[in-house]
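Residue-level structural notes
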Amino acid sequence: MNANINAKNMVSPYLLFFLVHAAQTGVSVLSFQTHIIKGAGHDAWIPVLVFGLLMPIIFFMMLYILKGASSGDILSFHKDIFGKYIGSLLNIVLAIYFSLVSLTAIHTYIDILQIWVFDGIASWEFSLLFTIIIFYIISGGFRIVTAIAFWGVVIPSFLLLSLVYLLNFTEPSYLFPMFELVWKDFFTSAKEAAPLYFGMETALVFLPFVKNKKKASKWGYFALLYTTLLYTIITVITFMFFTQEKLEKLSWPTLMMIKIIRLPFLERFEFIFIFTWLLVVIPVACIYLWSAIRSIKLTFPQIKPTFVLGSLLVVFFYINSFLIDIKFSFLIGNVVNYSGLVVLFGYIPFLFIIAVIKNQFKKKDKNKEKGV
Amino acid sequence: MNRKSWQAVMKRVFKNLLLYVLMGCMITLLGCSRTKIVDDVSIVHVFGLDLAENGEILGTALIPDYSVSAEVDHILAVEEQVPAGVLFIPEMSRHTSTRVELAKIRVIVFGKDFAENGVKDMVDRFIFTPELGTNIQIAVTTHTANETLKTFMQEQSLTLIDRIEHNMIEQGQPQMNLHYFLNQFYGEGMDAYVPMITIDNQNRIKVDGIGIISKSKLKLHLPEKETSLFSLIKDKRAQATYHLDLGEKRDENITLRGFRSKSEWEWNKEKDEVTLNLKLKVTLTQHPNRFDLSKTEDLQKIKKLIAKELEEDIHNLLATFKENEVDPLGIGNIVRSKDRTWEKESFYRKYPDIPIHVNVDVGIIHSGLEN
Amino acid sequence: MLRRKRWKKKTDKGYETVEKSIVKVFEVASKSSDFITFSPIKDFPLQISYFETLIDKTILQESVLLFLKEKANKIQTLSDVVSIIPLEGITISNEANQVERALLDGSIAIYMTDNKEEILLIELSDSRLGQRETNDTQNEFSVIGPKIGFIEDIRTNLNLIREQINTADLIYEEFTVGTRAKTKVVVAYLEGITNPEYVNTVRQRISDLDIDISFDNTQLEQLIADNSRTPFPLYISTERVDRAVESLVQGQVVMISDKSSYAIIGPATLMEFFSNPEDYYLPSFIASFFKLIRIIGMIFSIFASAFYVAILTYHFEVIPKDLLAPIIFSRANVPFPPVAEALFLEITIDLLREAGARLPSKIGQTLGIVGGIVIGQATVEAALTSTILLILVALAALSSFTTPIYKMSNAVRLLRYPFILIAAIWGGFGIFIGIIILIVHLSRLKSLGVPYLLPLYPYRKGGVGSSFIRPNYPAHSKRSWYLRPLSVIRYSPSTDKDPKEGLNHE
């Protein structure tokens, strides 16, 4: 299924865990709590948990789709089903979606930096740094992108220990009474919780680069469950930490939680947290951008991928430096959220059904051949 | 130029582009004025808020000047009057030779009039910023903040926060910092409480019980004895020393020092009753000689005596709360967590009439050196 | 820049394509004043020519001239000379290139005066002239353990290795490197253990190498490295014999070259640069502790000054309250921003180091005291720097030398400067961006095709533990399999040596 990928460029199966987990945890972890309490209030951890448990189903659909594709990724699947021209068009649409997500991640992170840490520094400097780093990472190829995903999971996992410090300040009575929510609230909160889990649709593009699909898919499911568990724990701790009314007023609840940590040699731990979060955001940006470039590359094989990378990064730099008005952040954020929901819950099941039908036809053909 | 030479030129330019860009950055940015070099800023340690006559807010800031010596003996007090909280920094900066930075404020002090008038807008705008840490202290003073801070300045130290904080760990003040304060200030079903400080008759700052802020106004000032009792109920590890007064003679004193306390609340829905089961583990630091603790019956007697006294005192405390319509213990929140039909308005209407039963169970760990 | 992948054929280089004849060879050689031609026996048409500076005169006199003069009457042709002289390594040749090569390698040429086409060559080179006899590895010092080091003579080095691993599996492959210098390079490996891929890569790279002189093995190391645009060394270079032997047994390839006292070992991964052979002579707890200290020392060395600059310039909120007073007070009269202070001190320390390396030893001691103490003290009194920064920079400079390999400590010292600069412009954020660039750069490096960050990044089970601590004897019985050796088990320790003790056996 992976006819045209050099074995030297492929990565070991267990790295799928890091790829999926790193692509999912991004900037939304820092601010999602305020949004999800809109519907279900203090029970909003239940939609987070349930939504996360739905993700393996979508992952299964994705794997099924890719099994039937001619070279193992969704770009060839498009070309198989929809023909050359519409397939290429769909690939470009996918590439645009991926670039937008990557852009949102960087944009939001620069926002955080400007609010919390540096208040006098212009955005173009941060955009410049991001551009340089992302160029360096992606121009090294998929193996380097995987390397940064690996380190982007391993190094920030030390931050999880800080959650233990927070347990001192929790008050379990804020969570009770439990299970008060109704279905309408559930869906409102679930919709707000959805952006947390975006990230695995990039596997549609990079899955051929992973060796030994059977073993790798096991790691992929494991990553989804781990992400779900992590998010639920963070949500529960947040709800035990803040009262609901205060939570409504906060725009970055996770960071406000971390503010209270005081170490003997560091009085404000949140700086370290925010800067280490850079290591969590960069894999998101890189994996999405790499997928976008690969989609473009397989559609227009004559353009050199580094050139595509360079031009996309110039566009990013411009947007992050000059379009810094609040309305742009809202606009991009909303576009990305809606597109993500559409892709995950509309487009992938649609393709799944097509793949199932296609498989049935194949079986019928085979039976016909055997029968005759 | 044809395609190949163009490509070659572009390649050469791009290879060194990074270097040129970085060098350009370094030259232009290195001398920029966006730095906050630590000896070029005025760092405010204590901030006080008062109500001025015309409705504006009077802010007092204590800024140490370390450049003269490493000891804290040069403190500058800056005061300014502004209509809105965020104008403090620009107005105060006009007095200092370096920029004023609020990021390291350790204590915020509210003057009494200011607190009684309503603190909500200042809390919303001034205190709720990412700049301030959330483990700072908030205190209300019985005089004006200006006076208090000036008195404090005479003491030549900036350890107000330590003064407040260590009382919380070992003594009778309940745990409090900005995080708890904000939670309770905005939260439904509970009222915020802050330590009160006052100037004693030797012109020193003294921590004096807690003040309860309800609906953003200071409603009640609990003296020190009730504060110890309060922290015994509220905190799990309060080590407050509580004195039970049994009689006139000096010998009839019982003092206990708390060790662990566990409070369980029960809500009886039909009868609208709240029951508090308080399990205390204490050390008995002083008891009358007529009790001999090695005998079981004496031990039972003294435990019963202590429990009875404590229940009475707690009843009085709760009655004070109900009288003043404040709820610092968070009874509303606790009932909310047990009752699905809880509603804020109706509960607080009923609140003064809700009977609260108290059961105290005392476990004596040891009694010090005496037997 | 010399790249290793050259597909050009090894064509003749310009200066050696001229058709030579033996007469021409002797003509060119006699232009040098150390080329001697003489007749040992009177009235006999036998001549000996040699480069005086290359041969061992004692052997010439005792074994060649003596026997020639004794049995002079028996010589009719050159082949008789063979039976007279009791030395081995005698060849007869009539090829100009071979004769020239032999003469330059330190052989003597014996020939009949009238027949210059047939030359008898005897190897008599004395390659140890002017070199030291022993090397007690001052640069890679260890308190316990053998202090045997390589010296500049390749025969001795090969002898040292083969004496320690005297197994038949040890293979030496010899190459000649350099077009003008023709240095001998020997690649050593254990057959049946080392992965043949690595040997093939090394073989191919050395054969494809095109350079005129390779001065030292460490220069060779850069020429055959995968990526020469990095400050990090991609092979381990060591003077100690026990380290080279250890790596052979693990399944790595060792390269030794003539006139160089360093052996280079490949493939190398980042964590190997922190282990010292002394670790194996100490108990595993102590050795693991010291290894951790080395790693922490390196990290501290890179980031200490950068964090100081970042915190003081942008993030003063992070400083604990009690530390605020001393820091501000010590900086109060300093006119420069923290970055200028830090750079000034760092450059001073590097100046001291460079100067100290070149001072004659008698002056060195006094100037060391002057530089270190007086200048340091005076700068603080003159309020050019703050005391805290002085302590930090001095400690960081010291801890950069905790890595046992000299090349790595250089890389660490160099890395400090970009971090300080980037911290001055973008504060803590800049430092983390620098960390990311460093990690990505390390992930892109490969040593002989093996990723540099093994076993951490392409995670290999069992590798991470032994990177940070030194496993003890029974746990170390398998070779680290990230080197893909052909045989994995080194030894199987017996575990039930002592009679059973303890509560269960009373």
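In this numbering scheme, every chain counts its residues from 1 along its sequence in written order. By the order in which they are written, chains take letters starting at A while ligands take numbers starting at 1. Note on the predicted model: pLDDT of at least 70 is required for a residue's local features to be given, and 80 or more for side-chain atom pairs to be given and counted; whole-chain, interface and lining totals, by contrast, use all residues. Side-chain numbers come from the whole structure's heavy atoms, not from hydrogens or water.

Reports of interface size often rely on the accessible area that becomes lost once the parts have come together. Taken together, the 26 residues of chain C in the interface contact 36 residues of chain A. Note on definitions: buried area is the accessible-area loss of two parts on being combined, 1.4 Å probe, summed for both. When the buried surface of chain C facing chain A is broken down by residue, Trp426(C), Phe429(C) and Tyr457(C) rank first, second and third, together holding 26% of it. Definition of a polar contact: a pair of N or O atoms within 3.5 Å, with one able to donate and the other able to accept a hydrogen when the atoms are protein atoms, and with sequence-neighbouring residues admitted only if both atoms are side-chain atoms. One can count five residue pairs in polar contact (both at pLDDT 80 or more) joining chain C with chain A. Here a helix means four or more residues in a row that DSSP labels H or I, a strand means two or more in a row labelled E, and each is numbered from the N terminus. No other element matches the 13 residues that helix α14 (residues 406–444) of chain C contributes to the side of chain C that touches chain A. Just so you know the grouping, Ala, Val, Leu, Ile, Met, Phe, Trp, Tyr, Cys and Pro go in nonpolar, Asp, Glu, Lys and Arg go in charged, and all remaining residues, Gly too, go in polar. Partitioning the side of chain C that touches chain A into residue classes produces 17 nonpolar, five polar and four charged. Every residue pair with non-hydrogen atoms within 4.5 Å of one another is taken to be in contact.

Turning our eyes to something else, we now look at the side chain of Ser409(C). You can see Ser409(C) is positioned in helix α14. For Ser409(C), the contacting residues outside a window of four places in its chain are Ser400(C), Phe401(C) and Thr403(C).

So, about the UniProt feature "transmembrane region" (unreviewed entry) in chain C. Residue and element names in this part refer to chain C. UniProt positions are given in the numbering used here, feature names are shortened, and annotations may be inferred rather than shown by experiment. Listed under "transmembrane region" (unreviewed entry) in the UniProt record, and renumbered for this structure, are residues 292–316, 388–406 and 418–442. Here residues 292–316 is 88% helix and 0% strand, with 30 Å between the C-alpha atoms at its ends. Helix makes up 68% of residues 388–406 and strand 0%, and the two end C-alpha atoms of the span are 28 Å apart.

So, on to the confidence of the model for chain C. How sure the predictor is of each residue is captured by pLDDT, a score from 0 to 100. Across chain C, the average pLDDT comes to 83, with 95% of residues at 70 or higher. Across the interfaces of the predicted complex, the ipTM metric reaches 0.90, alongside a pTM of 0.88.

Across the boundary between the two partners, chain A contributes 32 residues, which contact 33 residues of chain B. Around 2,900 Å² of area is buried between chain A and chain B when both sides are counted, 51% of it from carbon and sulfur atoms. Salt bridges are identified by distance alone: a Lys or Arg side-chain nitrogen within 4 Å of an Asp or Glu carboxyl oxygen. On inspection of chain A and its partner chain B, the count reaches two salt bridges. For Glu267(A), the salt bridge is made with Arg106(B), and the minimal N-O distance between the two is 3.6 Å. One can count ten residue pairs in polar contact (both at pLDDT 80 or more) joining chain A with chain B. A breakdown of the residues in the side of chain A that touches chain B according to their chemical character gives 17 nonpolar, four polar and eleven charged.

Another point: the packing of helix α5 (residues 123–138) of chain A against α14(C). Where α5(A) contacts α14(C), the two axes come as close as 10 Å, and the packing angle between them is 10 degrees. On the basis of their axis angle, the class for α5(A) and α14(C) is roughly parallel. Residues Glu125(A), Phe126(A), Leu129(A), Phe130(A), Ile133(A), Tyr136(A) and Ile137(A) of α5(A) pack against Trp426(C), Phe429(C), Ile433(C), Ile436(C), Ile437(C), Val440(C), His441(C) and Arg444(C) of α14(C). Tallied by class, residues from the contact of α5(A) with α14(C) come to twelve nonpolar, one polar and two charged. Comment: axis = line fitted to C-alpha atoms, over the contacting stretch for helices; angle = value between 0 and 180 degrees taken between N-to-C directions. Working rule for angles: under 35 degrees goes down as roughly parallel, over 145 as roughly antiparallel, 65 to 115 as roughly perpendicular, anything else as oblique.

We now examine the packing of aromatic side chains. Geometry of aromatic contacts follows a simple scheme: Phe, Tyr and Trp rings, the Trp one being its six-membered ring, pair when their centres are within 6.5 Å, and the pair is stacked under 30 degrees between planes, edge-to-face over 60, tilted otherwise. This structure, assessed with the given rule, holds 55 aromatic pairs over all chains. Their ring planes at 85 degrees and their centres at 5.7 Å tell us that Phe118(A) and Tyr314(C) sit as a pair that is edge-to-face. Of this pair, Phe118(A) sits in the loop between α4 (74–117) and α5 while Tyr314(C) sits in the loop between α9 (284–313) and α10 (321–331), placing the two residues on different chains. No difference in accessibility class separates Phe118(A) from Tyr314(C), as the two residues are buried. Sitting over the face of the ring of Phe259(B), Arg260(B) holds its NZ or CZ atom 4.6 Å from the ring centroid. Each ring is checked for a lysine NZ or an arginine CZ that lies within 6 Å of its centre and within 35 degrees of its normal; such an atom marks a charge sitting over the ring. Across the ring face of Tyr172(C), the terminal group of Arg162(C) is positioned such that the distance to the ring centre comes to 4.6 Å. Burial here depends on accessible area, computed with a 1.4 Å probe over protein chains only, as a share of the maximum for the residue type. Under 20% is buried, over 50% is exposed, and the range in between is partly exposed.

In this approach, a probe sized like a water molecule rolls over the atoms, and the result shows the empty space that is left. In this analysis a 1.4 Å probe is tested at points of a 1 Å grid over the protein atoms alone, and where it fits but cannot get out there is a cavity; an open set with protein on both sides within 12 Å along at least five of seven lines is a pocket; lining residues have an atom within 4 Å of a point. Grid points are joined across faces, edges and corners, and a volume is the space filled by probe spheres set on the points. Summed over the entire model, instances satisfying the criterion amount to three cavities of 30 Å³ or more. Taken together, Arg262(A), Glu267(A), Arg268(A), Ala103(B), Lys104(B), Ile105(B), Arg106(B), Gly133(B), Asn135(B), Ile136(B) and Glu317(C) make up the lining of the largest cavity. For the lining of the largest cavity, the class distribution of residues is three nonpolar, two polar and six charged.

What follows deals with the domain arrangement of chain C. These domain boundaries are the output of an automatic or database domain assignment. Domain parsing of chain C yields domain 1 (21–123), domain 2 (154–268) and domain 3 (292–451). Just the C-alpha atoms count here: the centres of domain 1 of chain C and domain 2 of chain C sit 34 Å apart.

Residue and element names in this part refer to chain B. Domain assignment breaks chain B into domain 1 (39–222) and domain 2 (225–371). If you average the C-alpha positions of domain 1 and of domain 2, the two centres end up 31 Å apart. With 20 residues of domain 1 at the interface, the matching set in domain 2 holds 25 residues. Taken together, the two surfaces of domain 1 and domain 2 that pack against each other cover about 1,700 Å², and 58% of this comes from carbon and sulfur. A per-residue breakdown of the area domain 1 buries against domain 2 is headed by Glu 188, Gly 189 and Leu 222, which together make up 28% of the total. Seen at the junction of domain 1 and domain 2, the total is zero salt bridges.

Residues and elements named next belong to chain C. As a packed pair, helix α1 (residues 22–29) and helix α4 (residues 96–105) sit with axes 8 Å apart at the nearest point and diverge in direction by 30 degrees. It follows that α1 is roughly parallel to α4 by the angle criterion. Two packed elements cross with a definite hand, and for α1 against α4 that hand is right-handed. Each of Ile 22, Val 25 and Phe 26 in α1 lies in contact with α4, whose residues at this interface are Ala 96, Val 99, Glu 100 and Leu 103. Partitioned by chemical class, the residues of the contact of α1 with α4 number six nonpolar, no polar and one charged. Two helices that cross are described as forming a left-handed crossing if the nearer one is turned anticlockwise from the farther one by less than a right angle, and a right-handed crossing if clockwise.

A separate point is the sheet that holds strand β14 (residues 356–364) of chain B. Residue and element names in this part refer to chain B. Two strands are counted as paired when DSSP detects at least two bridges linking them. Here we have four strands laid out as an open sheet, ordered β11-β12-β13-β14, and mixed in their pairing. Whereas interior strands pair on both sides, the edge strands pair on one side only; in this sheet they are β11 (241–245) and β14. When strand polarity is set aside, the average angle formed by the axes of neighbouring strands in this sheet is 40 degrees. When β11 meets strand β12 (residues 253–268), the two strands line up antiparallel, connected through five bridges. Of the residues in β12, the one forming a bridge with Tyr 242 is Leu 256. Contacts between helix α8 (residues 224–234) and the sheet are confined to β11, β12 and β13 (273–286), with β11 contributing the most and set at about 120 degrees to the helix.

Let us look at the pairing of strand β6 (residues 170–177) of chain C. Residue and element names in this part refer to chain C. Summarising the sheet, β6 and strand β7 (residues 183–190) pair through eight bridges and their orientation is antiparallel. Paired with Ile 171 across the bridge in β7 is Tyr 189. With antiparallel pairing between neighbouring strands as the criterion, β6 and β7 make up a hairpin whose turn holds five residues, including Gly 178 at a positive phi of roughly 100 degrees.

This part is about the nonpolar core. Within this scheme, the nonpolar core is defined by two criteria: the residues are buried Ala, Val, Leu, Ile, Met, Phe, Trp, Tyr or Cys, and they are joined through side-chain atoms within 4.5 Å. In terms of nonpolar packing, the biggest core is built from 350 residues, with Phe181(B), Phe321(B) and Phe429(C) touching the most fellow members. No other element matches α14(C), which puts 21 residues into this core. Apart from residues lying up to four places away in sequence, Phe181(B) is in contact with Val123(B), Ile138(B), Met176(B), Ala192(B), Val194(B) and Ile213(B). Judged by nonpolar contacts, the second largest core, of 22 residues, contains Leu46(C), Ile85(C), Leu120(C) and Leu124(C).

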